[in-house]
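Observations on chain architecture
Chain residues, written in single-letter form:
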Amino acid sequence: MIPAAFEYKRANSVDEALRLLGEHGEDAKLLAGGHSLIPMMKLRLAAPAMLIDIAGIPNLDQIDAASDPLTIGALTKHAKLAASDELQKKAPALWDAANDLGDPQVRNRGTIGGASAHGDPSADYPAVLQALDATFTLAGKNGTRELKAAEFFRGMFETALGANELLTKISFAAAPKSAYVKFHHPASHYAVVGVAVALTIDGGAIESARVAITGVGDVAFRAAGVEAALKGVKTNDADGLAAACAGAASGVQARSDTFASASYRTAMADVFAARAVAQAAAR
Amino acid sequence: MQIDLTVNGKRASLDVEPRLLLAHALRDSLNLTGTHIGCDTSSCGACTVLLDGVSVKSCTVFAVQAAGQEVTTIEGIGNADSLHAMQEAFWSSHGLQCGYCTTGMIVSAVDLLRRNPDPSDDEIRSGLEGNLCRCTGYENIVKSVRAAAKAMRDGTDRHSVRELMPLHPPAVDPPPSGEGIIPKQFQEANA
Ligand SMILES: Cc1cc2nc3c(=O)[nH]c(=O)nc-3n(C[C@H](O)[C@H](O)[C@H](O)COP(=O)(O)OP(=O)(O)OC[C@H]3O[C@@H](n4cnc5c(N)ncnc54)[C@H](O)[C@@H]3O)c2cc1C
Ligand code: FES
Ligand code: FES
């Protein structure tokens, strides 16, 4: 499959990428790992007139796990996140997701920034980054702005990124008691249902919980009902934890496709929420 | 667009359209037809090559993205005079049937052993998750990778095809590069 013709430019800095975006407007698209954009271009679902390759911009592919909050450059590849021992200790939910995303070749090319900017309703990071309550830094021609994950992910393939903005980094506080568990599509590995959980625990009981779910609706969402119900539940009370996860996707319009019906996705949201909570509590 | 890259240790200079995929550049411009195209939708891994030493699906990389980088295809992993341990193991452990997936499978397996020289069967299976095979049922592929890992740890790799099959030399010598994949005598017979 041959994509439509386009012009190709490499940007060597954020400023250069923003200048090129400004000059070419809606016709241009940023290219990071290309593992969402190129498949779409091959199917001619996307036909940008210009690609601005940002993969070579220096210093945007670093994991700074020593700082608080932790900071991750937008061009950091899935494989680098998956191999980070520091990340495994400090934010295991993100480590889980990076390790279970796609396959080795996909992890060697795709980036956390691209996976976030793409806004795929079945992608993993939108749930994880909401459970981590992450902050997104967006660079535009008038400087930078910061947005919380819950504001960043807007809808199906829709984020808060402006046409002339570039996501530079993602940061979040350490969450050592966090986990991400998914039921992955057997062929693509995308999440049919994926649940990310970040807990704080006090005296053997859950003090606070953030729970976010991807794959079910048009966009990943926080499960506020489950978060409230988990408060005070003892972490050794398996039945209590599972009961708190009932109705995890209630109020959400679930998607249906040839692989999984809406009611199946809704039912699995409860099951995978309970598993993610158990895994986070055990860490 | 003019691009320079290193392919199997040799410098290559190509004039490409930006939309040319790396898989097509390798096969059509450089005649390296060991890189196969299976699904063309980023799923099967038949097109896997190493880019700066790590496995990638060359049907999902534009050639221009690889400019300035090093590409290793199956032809650069080993050849009939000096087989890579992985190639030899796929042969001796029957890790292939039709062979369509095999070149990509071998490149991925080489990348896996670079990261993990002594993988368990589970680690081999998850390490090759990006490569699909419609023939073997995977069992002998896992066996082959296990055998190659051992050979590489023991330092018993790199044999030639003739060494492995002294009584059965290939009936047809591989064509010199540039002549295409149909041996001369068959071309003439068909003419
Ligand atoms: C076979 C396969 C399996 C996959 N499985 C999974 C899976 O299990 N889970 C999952 O979550 N994902 C999966 N993916 C998607 C993968 O994670 C992609 O890497 C990711 O979605 C896109 O990242 P990228 O760097 O490749 O972005 P690109 O494809 O280069 O870009 C995607 C979009 O984001 C924009 N963009 C990229 N970077 C920036 C930036 N810094 N600022 C602003 N805009 C930007 C681009 O303009 C484009 O619109 C899979 C992909 C494939 C091919
Ligand atoms: S041909 Fe590239 S992944 Fe199938
Ligand atoms: S040997 Fe035929 S597809 Fe793998």
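Residues numbered from 1 in each chain as written. Chains lettered and ligands numbered in written order. Predicted model: local features only at pLDDT ≥ 70, side-chain atom pairs only at ≥ 80, totals over all residues. Heavy atoms only, no water.

Overview of the overall build of chain B
Within chain B, the secondary structure is distributed over eight helices and five strands. Reading the secondary structure of chain B in the N-to-C direction produces β-β-α-β-β-β-α-α-α-α-α-α-α. Residues classed as buried in chain B amount to 47% of the 191 residues present. Summarising the internal contacts of chain B: among those between residues at least 6 apart in sequence, 58% fall at separations of at least 24. For chain B, the computed accessible surface area is about 9500 Å², with 51% contributed by carbon and sulfur atoms. (Helix = DSSP H or I, 4+ residues; strand = E, 2+ residues; numbered from the N terminus. Buried < 20%, exposed > 50% of the residue type's maximum accessible area, 1.4 Å probe, protein only. Contact = heavy atoms within 4.5 Å. Areas by Shrake-Rupley, 256 points an atom, 1.4 Å probe, with all protein chains shown as cover.)

Considering the sheet that holds strand 13 (residues 205-214) of chain A
Residue and element names in this part refer to chain A. Reading across from one edge, 11-12-13-14 is the order of the four strands in this open sheet, with antiparallel pairing throughout. Each edge of the sheet is formed by a strand with only one pairing partner; in this case those strands are strand 11 (178-184) and strand 14 (221-222). Along the sheet, helix 12 (residues 262-281) makes contact with strand 11, strand 12 (191-202) and strand 13, crossing strand 12 at roughly 35 degrees. (Pairing = 2+ DSSP bridges. Axes fitted to C-alpha atoms, helices over the stretch in contact; angles between N-to-C directions.)

So, the packing of aromatic side chains
All names here are of chain A. This model, assessed by the stated rule, comprises seven aromatic pairs over all chains. These aromatic residues form a ring-pair network of at least three members: Phe-183, Phe-259, Tyr-264 and Phe-272. Positioned above the aromatic ring of Phe-272 is the side chain of Arg-275, whose terminal nitrogen or guanidinium carbon lies 4.7 Å from the ring centre. (Phe/Tyr/Trp six-rings, centres within 6.5 Å; stacked < 30°, edge-to-face > 60°. Lys NZ or Arg CZ within 6 Å of the ring centre and 35° of its normal.)

Brief notes about the site of ligand 1
Residues and elements named next belong to chain A. Around ligand 1 there are 31 residues in total, and Leu-30, His-35, Ser-36, Thr-111 and His-189 lie nearest to it. At a separation of 2.6 Å, an oxygen atom of ligand 1 approaches a polar backbone atom of Leu-30. Contact distances for ligand 1 include 3.3 Å between an oxygen atom and a backbone N or O atom of Ala-115. Within the residue set of the shell around ligand 1, elements represented by two or more residues are strand 2 (28-31), helix 7 (112-118) and strand 10 (166-172). Of all the elements, helix 7 adds the most residues to the shell around ligand 1, at four residues. Residues that form the shell around ligand 1 fall into these classes: 15 nonpolar, 13 polar and three charged. (Near = heavy atom within 4 Å. Polar contact = N/O pair within 3.5 Å; in protein donor to acceptor, adjacent residues only side chain to side chain. Nonpolar A, V, L, I, M, F, W, Y, C, P; charged D, E, K, R; others polar.)

A short note on the packing of helix 3 (residues 85-92) of chain B against helix 4 (residues 102-115) of chain B
When two helices pack together, their arrangement is given by the angle between the helix axes and the distance between those axes. Residue and element names in this part refer to chain B. Viewed as axis vectors pointing N to C, helix 3 and helix 4 meet at an angle of 125 degrees, and their least axial separation amounts to 10 Å. When the axes of helix 3 and helix 4 are compared, the pair comes out oblique. Pair helix 3 / helix 4 crosses with right-handed handedness. Along its contact with helix 3, which presents Met-86, Gln-87 and Phe-90, the element helix 4 presents Thr-102, Met-105, Ile-106, Ala-109, Val-110 and Leu-113. In terms of residue class, the contact of helix 3 with helix 4 is built from seven nonpolar, two polar and no charged. (Parallel < 35°, antiparallel > 145°, perpendicular 65-115°, else oblique. Left-handed = near helix turned anticlockwise from the far one by under 90°.)

Description of the pattern of salt bridges
Within this structure, the stated rule accounts for 19 salt bridges over all chains. For the salt bridge of Lys57(B) with Asp103(A), the shortest nitrogen-to-oxygen distance reads 2.6 Å. Here the residue Lys57(B) occupies a position in strand 4 (residues 54-57), and Asp103(A) occupies one in the loop between helix 5 (92-99) and helix 6 (104-109), the pair thus bridging two chains. A relative accessible area of 1% places Lys57(B) in the buried class. (Salt bridge = Lys/Arg side-chain N within 4 Å of Asp/Glu carboxyl O.)

Notes on the nonpolar core
In globular proteins that are soluble, nonpolar side chains generally tend to be buried together. Residue and element names in this part refer to chain A. Judged by nonpolar contacts, the single largest core of 40 residues is most densely connected at Leu-87, Leu-94, Tyr-125, Phe-136 and Phe-172. In this structure, this core is formed jointly by two domains, domain 2 (63-172) and domain 3 (178-281), each of which donates at least three residues. In this structure Phe-172 touches Pro-69, Leu-70, Ile-72, Leu-87, Ala-91, Leu-94, Leu-132 and Ala-134, once residues within four positions along its chain are discounted. Within the second largest apolar cluster, 33 residues are counted, among which are Val-181, Val-226, Ala-260 and Ala-280. (Core = buried A, V, L, I, M, F, W, Y, C linked by side-chain atoms within 4.5 Å. Domains from an automatic or database assignment.)

Concerning unusual backbone geometry
Residues and elements named next belong to chain A. Here the amide bond leading from Asp-68 into Pro-69 is cis, since omega sits at 0 degrees, within 30 degrees of zero. The residue Pro-69 is located in the loop between strand 4 (63-64) and strand 5 (70-73) in this model. One non-glycine residue, Phe-157, adopts positive backbone phi at about 55 degrees. Looking at the element boundaries, Phe-157 is found in the loop between strand 8 (153-155) and strand 9 (158-159). Overall, Phe-157 belongs to the partly exposed group, its relative accessible area being 45%. With phi around 80 degrees, His-189 is a residue other than glycine that occupies positive phi space. Along the chain, His-189 turns up in the loop between strand 11 and strand 12.

Considering helix 6 (residues 139-154) of chain B
Side chains that are three or four residues apart share a direction in an α-helix, a result of its 3.6 residues per turn. All names here are of chain B. In this model, helix 6 (16 residues) spans 23 Å end to end at C-alpha, consistent with the 22 Å of a helix rising 1.5 Å per residue. Along helix 6, the positions that sit buried rather than exposed are Ile-141, Val-142, Ser-144, Val-145, Ala-148, Ala-149 and Ala-151. For helix 6, the secondary structure elements touched by its buried residues are helix 3, helix 4 and helix 5 (121-127). Note on helix 6: the residue one or two positions beyond its end, Gly-155, has a positive phi of about 70 degrees. (Expected span 1.5 Å × (residues − 1).)

Structural notes on the side chain of Ser93(B)
Note that Ser93(B) resides in the loop between helix 3 and helix 4. Not counting residues within four places of it along the chain, the set of residues in contact with Ser93(B) comprises Asn140(B), Lys143(B), Ser144(B) and Ala147(B).

Remarks on the confidence of the model for chain B
Confidence along chain B averages 90 in pLDDT terms, with 84% of residues attaining 70 or more. Here the complex is predicted with pTM 0.93, and the ipTM for its interfaces comes to 0.95. (pLDDT = per-residue confidence, 0-100.)

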